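# Coordinates in review
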Amino acid sequence: MRRAQMTGLIANDPDTWATLLILIAAVAHATYSALLKSASDKVAAAVGMNIVGGAAFVPAAFLVPPMPLHGWLWIAASVAVHVTYQRLALYSLSRGQLSTVYPIARGTGPLVIGLLSFFLLPEPLTIWQFGGVLVLVTGIFAMSGLNPRHLFHAGKREAGVGSAMLTGLTIASYSLIDGLAVKEFGFSYIVWVNLVFAPFFVASALIQRPVKPLMQAVRSEWKIGLLTGIVSYGGYTITLYAFQIGGLGEIAALRETSILFAALIGALWLGEPMTRRKTAATLLIVSGALAIKMAG
């Protein structure tokens, strides 16, 4: 009975539910990024995360229908981009501060998707919504403290910025792939893409590091691996469902409010300063997010 009532509520107001869900996912994303940042061996922690997350979807695979052949093409593309994303994200976190590289990576994605929405998406952003995206992205980049004149100057920008920009492009890519695929295949896609991705990431780590030392490191980081596995895979499952019931361009942009939570976690947990600039950037991000919703 309760499930039927919940389904009815979502059907009556999917945009509101998609917004609430993506904000929950944003908190989850900022949390797992901070947890990975705190790990002494980030690759080992990420391997543990994917082992836990992938294993959690094994029972669900027996409850959903198999994917059609063309669905596996979407999954293959998603897995390739996700593996690249996680490797770049780990490299960026190991090179730079969370409060610098995280905003740059997360800010690049919605800007690219916003531009592409006018050409590729069935539900393109309105001009006013895209204006909100620009305000939100401005706040995100302001949060990083990066001087725009140094953005493409390798000798002057901070460590990790270049890889963070590349990470942002992979975020835009997997958001488009997964967002379009989940609208076509539904929950089956959510289960199979998570289940297939995990072993591919573990294999990519084993290519670079011997099995025994890596597994020893994974065991030493088991607490972070367990927590991030639950938080990251749970958060991305929520994200995919929000993509399914909401507008892709809008939800992808609102997901990047995770920057706010990352800044708060960085200040309270990692000891990174919360300056006036970051406070002003927070107001821009909130204003952009509100503009995106009000103009929708």
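Look above for the structure.
Not measured: the values here are computed from a predicted model.

## Comments concerning the nonpolar core
Ranked by size, the top nonpolar core spans 87 residues in total, and within it Leu 36, Ile 75 and Tyr 189 carry the most contacts. Considering every element that reaches this core, the biggest residue donor is helix α9 (residues 187–208), with 12 residues.

## Focus on helix α12 (residues 248–255)
The buried count for α12 comes to 8 of 8 residues, which makes it a mostly enclosed element. Those residues of α12 not exposed but buried are Leu 248, Gly 249, Glu 250, Ile 251, Ala 252, Ala 253, Leu 254 and Arg 255.

## Thoughts on empty space enclosed by the protein
Within this structure, the stated rule accounts for 3 cavities of 30 Å³ or more. For the largest cavity, the calculated volume is near 230 Å³. Around the largest cavity, the lining comprises 20 residues; the ones closest to its centre are Tyr 32, His 82, Gln 86, Ser 232 and Tyr 236. Looking at the lining of the largest cavity, the elements that each hand over two or more residues are α2 (14–38), α5 (69–95), α8 (161–185), α9 and α11 (222–245). Residue contributions to the lining of the largest cavity peak at 5 residues, all from α11. Here the lining of the largest cavity is composed, by residue class, of 11 nonpolar, 7 polar and 2 charged.

## Concerning a nonpolar patch on the surface
A cluster of nonpolar residues, Phe 118, Phe 119, Leu 120 and Ile 127, forms a patch on the protein surface that exposes about 480 Å² of accessible area. The dominant element in the nonpolar patch, judged by the number of residues it contributes, is helix α6 (residues 98–120), at 3 residues. Position of Leu 120 relative to the elements: it lies in helix α6.

## Remarks on the packing of α2 against α12
When two helices pack together, their arrangement is given by the angle between the helix axes and the distance between those axes. In the contact formed by α2 and α12, the axes pass within 8 Å of each other and the chain directions differ by 35°. Between α2 and α12 lies a crossing whose hand is right-handed. On α12, the residues that touch Ala 18, Thr 19, Ile 22, Leu 23, Ala 26 and His 29 of α2 are Glu 250, Ile 251, Leu 254 and Arg 255. A per-class count over the contact of α2 with α12 returns 6 nonpolar, 2 polar and 2 charged.

## A few points about the packing of aromatic side chains
Applying the stated rule across the entire model yields 7 aromatic pairs. Among the aromatic residues, ring-to-ring pairing joins Tyr 85, Tyr 174 and Tyr 236 into one connected group.

## Structural notes on the packing of α5 against α8
Relative to each other, α5 and α8 sit at 155°, their axes nearing to 9 Å. As summarised for this structure, α5 and α8 are arranged roughly antiparallel, according to the angle between their axes. As for how α5 packs across α8, the hand of that crossing is left-handed.

## Thoughts on the pattern of salt bridges
For the structure on display, the rule yields 1 salt bridge. Close ionic contact of Asp 41 with Arg 209 constitutes a salt bridge, the shortest N to O distance being 2.8 Å. Separated by 168 residues along the polypeptide, Asp 41 in the loop between α2 and α3 (42–56) and Arg 209 in the loop between α9 and α10 (211–220) bring together distant segments of the chain. Arg 209 gets classed as partly exposed once you look at its relative accessible area, which sits at 27%.

Scoring rules and cut-offs
Residues numbered from 1 in each chain as written. Predicted model: local features only at pLDDT ≥ 70, side-chain atom pairs only at ≥ 80, totals over all residues. Heavy atoms only, no water. Core = buried A, V, L, I, M, F, W, Y, C linked by side-chain atoms within 4.5 Å. Buried < 20%, exposed > 50% of the residue type's maximum accessible area, 1.4 Å probe, protein only. Helix = DSSP H or I, 4+ residues; strand = E, 2+ residues; numbered from the N terminus. 1 Å grid on protein atoms, 1.4 Å probe; cavity = no way out; pocket = protein on both sides within 12 Å on 5 of 7 lines; lining within 4 Å. Points joined across faces, edges and corners; volume = space filled by probe spheres on them. Nonpolar A, V, L, I, M, F, W, Y, C, P; charged D, E, K, R; others polar. Patch = residues over 30% accessible without salt bridge, like charges linked within 9 Å, V, L, I, M, F, W, Y side chains within 5 Å. Areas by Shrake-Rupley, 256 points an atom, 1.4 Å probe, with all protein chains shown as cover. Salt bridge = Lys/Arg side-chain N within 4 Å of Asp/Glu carboxyl O. Axes fitted to C-alpha atoms, helices over the stretch in contact; angles between N-to-C directions. Left-handed = near helix turned anticlockwise from the far one by under 90°. Contact = heavy atoms within 4.5 Å. Phe/Tyr/Trp six-rings, centres within 6.5 Å; stacked < 30°, edge-to-face > 60°. Parallel < 35°, antiparallel > 145°, perpendicular 65-115°, else oblique.

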